[in-house]
Amino acid sequence: MFFILLFIGVACLPLGGRAAVSPSVTRSDAEKVAELVYNNWQNDYFEETLVTPGSQKVEVDGKTRSFARHFGASASETSLAVRSQGTIDAYFRNSGGIYQTERRKDGKVAVTAPFQMQRLVVLARINETYGAKEVLHTQNDQDTILQFESQEETRAAYDKIIARYGENSCYPDRYVQLFDGESYGVNDALKAGHPYSWGVRYMQMDQLKEQAAGRKDLATISVALIDSGINKNSFFFDGRTIHPASKSFISEPGDIADDLGHGTHVAGVIAEATPANVQLMILKVTNASGKASFLTIREAFWYAISQKANVINFSMGSSDVSDMDILDKAINYASKLRIPICVASGNTKSDVKHTYPANNDKVITVSAVTSSGSLAPYSNYGSKIDFTAPGDRIIGASKWNDKGLTVYSGTSMASPHIAAACAYIKMLRPSASVDLVVDELKRLSVDLGARGKDKKFGYGCPVLGTLFQTNIVSKEKTYTSKPKITSLLNFDKAVLVTWTPVKTAKQYLIYRKKAGGDYSLVKKVPAGRLLWYDKKAKSGVKYSYKIKAKVSSKKYTGYGNKAGLVRLMVPGAFRASAASGSISLAWKKARGAKVYQIQLSSYADFREAVNYKLSGKKTGARIPGLGKGTYYVRIRSGRQSSWSAWSAVLGRDVP
């Protein structure tokens, strides 16, 4: 799983559930995470290495290198390792879990190193360090970032964390590879047009730009560009304000210079399409090799929100995924704050449902159209496409020549055309919601495909020439729904309640009752949070919960659903001792427990675990018949389909 530029060439997230963000977004998270990533950056990260059986050369992200040098192997080790797909698999299986392999149909073996950034993101605020050299608790996502000294330490900590909290409790930070796009030389025929981007002319934003000259009723708008930086000396940006909050997240904070060319071209599209009151907030997330990290990108989103950007453009994405969600909390919060996010659909000629974050319902997903009105041959498609825009052979600003031009193709070029269109709507009404912006774009769109919304062009391509004559026609919509409890979990020191958001919620009201009692209001939660820790729930007692939302001073929604559980604590003082062929366990009784579950495995991540259930009256057990080796054990208490969290994992060597 990796990020590519789309042009040719965790309040906390509960462990096991979903949660919201804090309504108080600060820039400190972004600065701290950026510093952590920057200070621990290594230049030898790779997304994928292809090993060909029989060859001592490997292909590392498209470049040929020596197997021995790349993996630190001796000549004899290399000769043995590359004999066949089987020997390649075996070599990396002995790496302690820091490498993963996949056999390809072409006979090669793809090798990845998911722990090479030596950094884990735990989707909750935890106090344990698991041996990390640096620990950072974030406010915006309410998660914990652990930085380690080695891949081996990172993998070991990962195994321990998921063993205790579950498979979805944390993930390793991975780097993002940005590949150079296809560029063309600019001949005199191409230079003849003005503005240079045919897309600006096609969408009639050149007309709007002329109409905007001298008007004093248009708001100053900032468009945040999360990309590779900018060559601010290009003539495209003459007279254009580079927003003072512009920032690098991968180098010195003030270094927003573009080392790739992609960000400059994207910024040039917006600059050429809009008047000078549209400021460019440049958020650089890639280094000189075109690499970033998941965390870097996530924090750039939060930073843009904290700096009150009016529009965000993200011409990047991760392909071949359908369940990724690292940016979801930031995207959801941006939507709540009425910030439209324009995202390129991708260039893999496939359904956009597999590309993230373009498959997120709260972003504006853009496909690319050619000058002939057809879908660009590389563009993604699908039901998630919202609009299309010019993306093929777009002339724009050059990183390499301050007075020169360059041409790029891709959905990366289409997305900033839509971002510029959003900026015009925001000039007229800065408070417009994302839904209103989308409705206005629909109203102005030319239907290019099948009648209505279709899988190639969405609602079509907006043509904005009449916008200033009609102004904003669409009306703001109001939404009503009921908050639904999505998870109810026994956590270490509290019951964790999470629920779905109500778009117009001002506040959430949580009601609780004990078995046999009546519901009473126990907590009022601000609208920006979608979770609450009930720290007053008593062990052994069954509780039920329900939630409603306050949507105005006198109006409330109904209750979405009800959910219940028995509050259970982790058995205390869990300890283990090993003897020949056995492990003995002891613990303190957990109040209210009717049963205990013990898991035993030879693996720290508890795959192939053996489960034992014991009466709630027990406070000890002995597991006999074990062979020599290392074993891992953990325990939890249960009652009426409710379970406590797992205990800490104990590892013991059986002689």
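For the structure itself, look to the data block above.
Anyway, here's the lowdown on the structure attached to this text. This structure is a prediction, so every number in the text was calculated from the model and none was measured.

Moving on, we come to the overall build of the protein. The secondary structure content of the protein amounts to 14 helices and 40 strands. Taken along the three principal axes of its C-alpha coordinates, the protein extends 85 × 75 × 45 Å. Counting the 655 residues in the protein, one finds 57% classified as buried. Element-wise, carbon and sulfur atoms account for 46% of the exposed surface of the protein, whose accessible area totals about 27000 Å². Of note, the protein has its 89 positive side-chain charges centred 13 Å away from the centre of its 57 negative side-chain charges.

Look at helix H1 (residues 28–39): 16 Å from first C-alpha to last across 12 residues, which is about the 16 Å you get at 1.5 Å a residue. Taken together, the buried positions of H1 are occupied by Asp29, Ala30, Val33, Ala34, Leu36 and Val37. An end-on view of H1 places all buried positions within 160 degrees of arc, on one side of the element. Residues of H1 that are buried sit in contact with strand E7 (119–122), strand E8 (134–137), strand E9 (144–147), strand E16 (291–293) and helix H10 (294–306).

We now examine the nonpolar core. By size, the foremost hydrophobic cluster in this structure holds 65 residues, and its most contacted members are Leu280 and Ile418. Element by element, the count of residues in this core is highest for helix H12 (residues 411–428), at 11 residues. Apart from the residues lying within four places of it in its own chain, the contact partners of Leu280 are Val223, Leu225, Ile230, Phe237, Arg240, Thr241, Ile242, His243, Ser246, Ala267, Ile270 and Ala271.

With antiparallel pairing, 4 strands are arranged side by side in an open sheet as E8-E9-E7-E10. The sheet is open, and its two edges are formed by E8 and strand E10 (170–172), each paired on a single side. Across the sheet, the axes of successive neighbouring strands diverge by a mean angle of 20 degrees, strand direction being ignored. Summarising the sheet, E8 and E9 pair through 4 bridges and their orientation is antiparallel. Residue pairing in the sheet places Val135 in a bridge with Leu146 of E9. Lying on the sheet, H10 is in contact with E7, E9 and E10; it crosses E7 at an angle near 50 degrees.

A separate point is the packing of H12 against helix H13 (residues 434–444). The geometry of H12 relative to H13 is characterised by a closest axis approach of 10 Å and an angle of 110 degrees between their N-to-C directions. One finds that H12 runs roughly perpendicular with respect to H13. Here Ile418, Ala421, Cys422, Ile425 and Lys426 of H12 lie close against H13, whose contacting residues are Leu436, Val437, Glu440 and Leu441. The class makeup of the residues in the contact of H12 with H13 is 7 nonpolar, no polar and 2 charged.

Further remarks concern the side chain of Ser315. Note that Ser315 resides in the loop between strand E17 (311–314) and strand E18 (316–318). Relative accessible area serves as the criterion here: at 0%, Ser315 is assigned to the buried category. A polar contact is formed between the side chain of Ser315 and the side chain of Asn313, at a distance of 3.0 Å.

This part is about the pattern of salt bridges. Enumeration over the complete set of coordinates arrives at 18 salt bridges. One salt bridge connects Arg298 with Asp141, and the closest N-O pair in it is separated by 3.3 Å. Within this pair, whereas Arg298 is found in helix H10, its partner Asp141 is found in the loop between E8 and E9, the two being separated by 157 residues in sequence. Here the two residues Arg298 and Asp141 agree in accessibility, since each one is buried. The shortest N-O distance in the salt bridge between Lys284 and Asp255 comes to 3.6 Å. Taken together, the residues span a long stretch of sequence, with Lys284 in strand E15 (residues 278–284) and Asp255 in the loop between strand E14 (247–248) and helix H9 (262–273) at a distance of 29 residues.

On to the pairing of strand E6 (residues 109–112), then. Both faces of the sheet carry side chains from a regular strand, because those side chains alternate between them. Sheet analysis places strand E2 (residues 49–51) next to E6, joined by 3 bridges and oriented antiparallel. When the bridges of E6 are listed, Leu50 appears paired with Ala110.

Put simply, helix H8 (residues 205–212) and H12 touch, their axes get as near as 12 Å, and they point 35 degrees apart. Between H8 and H12 lies a crossing of left-handed hand. Residues Met205, Leu208 and Lys209 of H8 form the contact with H12, whose own contacting residues are His417, Ala420, Ala421 and Tyr424. Tallied by class, the residues present in the contact of H8 with H12 amount to 5 nonpolar, 1 polar and 1 charged.

About the criteria used
Residues numbered from 1 in each chain as written. Predicted model: local features only at pLDDT ≥ 70, side-chain atom pairs only at ≥ 80, totals over all residues. Heavy atoms only, no water. Helix = DSSP H or I, 4+ residues; strand = E, 2+ residues; numbered from the N terminus. Buried < 20%, exposed > 50% of the residue type's maximum accessible area, 1.4 Å probe, protein only. Areas by Shrake-Rupley, 256 points an atom, 1.4 Å probe, with all protein chains shown as cover. Lys, Arg positive; Asp, Glu negative; His and termini not counted. Charge placed at Lys NZ, Arg CZ, Asp CG, Glu CD. Expected span 1.5 Å × (residues − 1). Arc of directions from axis to C-beta. Contact = heavy atoms within 4.5 Å. Core = buried A, V, L, I, M, F, W, Y, C linked by side-chain atoms within 4.5 Å. Pairing = 2+ DSSP bridges. Axes fitted to C-alpha atoms, helices over the stretch in contact; angles between N-to-C directions. Parallel < 35°, antiparallel > 145°, perpendicular 65-115°, else oblique. Nonpolar A, V, L, I, M, F, W, Y, C, P; charged D, E, K, R; others polar. Polar contact = N/O pair within 3.5 Å; in protein donor to acceptor, adjacent residues only side chain to side chain. Salt bridge = Lys/Arg side-chain N within 4 Å of Asp/Glu carboxyl O. Left-handed = near helix turned anticlockwise from the far one by under 90°.

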